[in-house]
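# Remarks on the overall topology
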Amino acid sequence: MQIYLPVAELSANWLLLLGLGGGVGLLSGLFGVGGGFLMTPLLIFIGVPPAIAVGSEAAQIVGASVSGALAHWRRNNVDFRMGFVLLAGGIFGSTIGVQVFALLRKAGQVELIIALAYVVILGAIGSLMLAESVRAMRRQRLTGTTRRGKLHQHTWLHGLPLKMRFPKSKLYISALLPFVVGAFVGLLAALMGVGGGFIMVPAMIYLLGMPTSVVVGTSLFQIVFVTANVTFLQAWQNQTVDMVLAVLLLVGGVVGAQFGARLGQKLRGEQLRGLMALLVLGVALKLAFDLVATPQDAFSLGGGRAH
Amino acid sequence: MSAARAAALLLALLLACMRDAAAQPLVADLSSHEISITTGFSGTELLLFGATEGEGDVVVVVRGPAGPATVRRKSRVLGIWINTDSVRFEGVPSFYRVASSRPLDQVGTPGMRQRHQIGVGAVSARPPEGTSPERLAEFRDGLVRAKLREGLWNDVPGQVSFMGPKLFRTTISFPPNVPTGIYNVEVFLVKDGREIGAQTAPMRVKKTGIGARIYDFAHRHAAAHGLAAVLIALAAGWAASAAFRRS
């Protein structure tokens, strides 16, 4: 049952890895997100070095997202114009992220930053989503239906220069906005080993005001290319991509995601978002606890390998 | 390893002992001088066996390739535990095992144990110059604990057992995360606080098969490996979902 992971240089149970991939894949199919934000911490919990977890998870997300992106493309659910602006930002952000990652690794602080990033981002996103879905559920109980308000409100964000028309999303907004969103998500992809769907999807809905029908397809389109960039750069500069690990997770993940997607069609949107919010908050709390709790041993081996 | 093979090795060894008995107080050998890390590798054990001429205690020390090791210390900053201090030791064996026929503190003298790195307290780890003794002690203990947690060093010596007055054997266990490289296996015969015989056997841990090739590719041709990784991920993701859709 053991398989030796050649780049990680450790031996792991391949059934466990397939199972992890499948479980996280199920959840990601259910919620329509990549699942990297769950997989990377889980890999670290089972003893994969954080740097390898982040690099290999990026490769897994490439594979996990490509079929989804193709499916949405076939169904004409991708706003390519928006996708390319997000992607330009994403390439920029992730390239910087990989350099920062290498520096942090040298300084022995990469684990801390990964954990802090998870706690802050997941804590914030989880709280917002939970509040939103509770509000939606309450509203529904009051009126009996989910009403949609105005498509989006006009704020100072809409006064930014470089305005661009996005016909598919029926938007006329500054190109800087999706660029910055893409760059931020790209940075997180490199540092945290995530696709960033869990942050990009809300940002596209609430910040950019895109119609929900094209949000998932467009974010998957961006995620495939940004995580491909992260995979390439992490493998090239940090040698932290273990393809045996990535492929095992991928195979489990693809199968799990198919079941998740079918299950998701039977559940209601607000409930799904509520569940997802709880999950995100759970991961954040566990990581926060690990940061605050007194470690078993204040001393650890790190940085330079022993050979 | 099969019992028959072990028996054959022991027999061969015995014959060798009889021939050289007068010349050598200690003869020992390993059941294998090479450990191959294959795709299914999950740790292994080697048998070390030998014969002594005359009474004494037998101590076995196994050391993996030495290199630098950075030990970091966390302390609480604003409620969070952060790495705030580090010491880089040089010449630290990546792997360490000791086995003995008697408790280590009853074998030889402290000076001898220090010289031959017998016991985790004696394993070499050169600190940077100017490290204060207290700091050195703290970080060295931290190093030992970290290595023990990883299962790469042992502080409870393995048992060297005698079969009859002359023949001895012990097993050396290697965990799945065993580092690759050239290992040094030393066997000492100690009597009345003095080392009266010693033998060294080299050993190698290496990756073989597809795993070794992937590792080499990832490190020697990192950019090509990155490109391949992306293509494999794309192909595997597409193929897996295509296969699933058809079924």
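Given the structure is predicted, the values throughout are model-derived calculations rather than measurements.

Rules of the game
Residues numbered from 1 in each chain as written. Chains lettered and ligands numbered in written order. Predicted model: local features only at pLDDT ≥ 70, side-chain atom pairs only at ≥ 80, totals over all residues. Pairing = 2+ DSSP bridges. Helix = DSSP H or I, 4+ residues; strand = E, 2+ residues; numbered from the N terminus. Axes fitted to C-alpha atoms, helices over the stretch in contact; angles between N-to-C directions. Expected span 1.5 Å × (residues − 1). Buried ≥ 20, exposed ≤ 12 C-beta atoms within 10 Å, placed from the backbone. Contact = placed C-beta atoms within 7 Å. Nonpolar A, V, L, I, M, F, W, Y, C, P; charged D, E, K, R; others polar. Core = buried A, V, L, I, M, F, W, Y, C linked by C-beta atoms within 7 Å. Left-handed = near helix turned anticlockwise from the far one by under 90°. Parallel < 35°, antiparallel > 145°, perpendicular 65-115°, else oblique.

In this section: the sheet that holds strand 9 (residues 161-163) of chain B. All names here are of chain B. Taken in spatial order, the four strands line up as 1-3-10-9 in an open sheet, and their pairing is antiparallel. Both edges of this open sheet fall to strand 1 (26-30) and strand 9, since each of them pairs with a single strand only. For this sheet, the mean angle separating the axes of adjacent strands, direction not counted, is 25°.

All names here are of chain A. Given a rise of 1.5 Å per residue, 17 residues ought to cover 24 Å, and the 24 Å separating the end C-alpha atoms of helix 6 (residues 176-192) matches this to within 8%. A large share of helix 6 lies buried, amounting to 14 of its 17 residues. Immediately downstream of helix 6, the backbone of Gly 193 shows phi near 65°, a positive value.

Here the focus is the interface of chain B and chain A. Each side of the interface is counted separately: chain B has 53 residues, and chain A has 47 residues. Counting only elements with at least two residues in the side of chain B that touches chain A, the list comes to strand 5 (66-77), strand 6 (80-93), helix 3 (133-149), helix 4 (209-220) and helix 5 (222-246) of chain B. It is helix 5 of chain B that provides the largest number of residues to the side of chain B that touches chain A, a total of 16 residues. Here the residues of the side of chain B that touches chain A are counted per class, giving 29 nonpolar, 20 polar and four charged. Here four bridges tie strand 5 (residues 299-302) of chain A to strand 5 of chain B, and the two strands are oriented antiparallel to one another. Paired with Gly302(A) across the two strands is Thr70(B), which belongs to strand 5 of chain B.

Turning to the sheet that holds strand 5 of chain B, a few remarks are in order. Taken in spatial order, the three strands make up an open sheet running 5(A)-5(B)-6(B), and their pairing is antiparallel. A single partner strand is all that each edge strand has here, and the edge strands are strand 5 of chain A together with strand 6 of chain B. The mean angle between the axes of side-by-side strands here comes to 30°, regardless of whether they run parallel or antiparallel.

Attention now moves to the nonpolar core. Ranked by size, the top nonpolar core spans 161 residues in total, and within it Val62(A), Tyr118(A), Leu188(A), Val224(A), Ala246(A), Leu250(A) and Val60(B) carry the most contacts. Here this core takes 14 residues from helix 8 (residues 212-238) of chain A, the largest share from any one element.

This next bit is on the packing of helix 3 (residues 50-74) of chain A against helix 9 (residues 243-264) of chain A. All names here are of chain A. Two elements in contact, helix 3 and helix 9, have axes whose closest approach is 8 Å; the angle formed by their N-to-C orientations is 35°. As for the relative orientation of helix 3 and helix 9, their crossing is right-handed in sense. Along the contact surface, helix 3 presents Ser 56, Ala 59, Gln 60, Gly 63, Ala 64 and Ser 67, while helix 9 presents Met 243, Leu 245, Ala 246, Leu 249, Leu 250, Gly 253, Val 254 and Ala 257.

It is worth spelling out the pairing of strand 2 (residues 10-13) of chain A at this point. Residue and element names in this part refer to chain A. Bridge count for strand 1 (residues 2-5) against strand 2 is four bridges, and the pairing is antiparallel. Paired with Tyr 4 across the strands is Ser 11, a residue of strand 2. Counted between consecutive antiparallel strands, the loop separating strand 1 from strand 2 contains four residues, among which Glu 9 sits at a positive phi close to 60°.

Let us now look at the pairing of strand 12 (residues 194-207) of chain B. All names here are of chain B. Pairing between strand 2 (residues 34-37) and strand 12: four bridges, direction parallel. Each bridged residue has a counterpart across the sheet, and for Ile 35 the counterpart in strand 12 is Val 205. As paired elements, strand 11 (residues 181-191) and strand 12 share eleven bridges and run antiparallel to each other. Its bridge partner lying in strand 12, Gly 181 is registered against Val 205. Between strand 11 and strand 12, which follow one another and run antiparallel, lie two residues, and Asp 192 among them has a positive phi close to 50°.

Here we take up the packing of helix 4 (residues 80-107) of chain A against helix 8 of chain A. Residues and elements named next belong to chain A. Contact geometry of helix 4 with helix 8 gives a least axis separation of 9 Å together with a crossing angle of 30°. In terms of axis orientation, helix 4 runs roughly parallel to helix 8. In this structure, helix 4 meets helix 8 at a crossing whose hand is right-handed. Contacts from Met 82, Gly 83, Leu 86, Leu 87, Gly 90, Ile 91, Ser 94, Thr 95, Val 98, Phe 101, Ala 102 and Arg 105 in helix 4 reach Thr 218, Phe 221, Gln 222, Phe 225, Val 226, Asn 229, Val 230, Leu 233, Gln 234, Gln 237 and Asn 238 in helix 8.

In this section: helix 8 of chain A. Residue and element names in this part refer to chain A. Along its 27 residues, helix 8 runs 37 Å from first to last C-alpha, staying within 8% of the 39 Å computed at 1.5 Å per residue. With respect to burial, helix 8 is a largely interior element, 23 of its 27 residues being buried. Gln 239 occupies a position one or two residues after helix 8 and carries a positive phi of about 50°.

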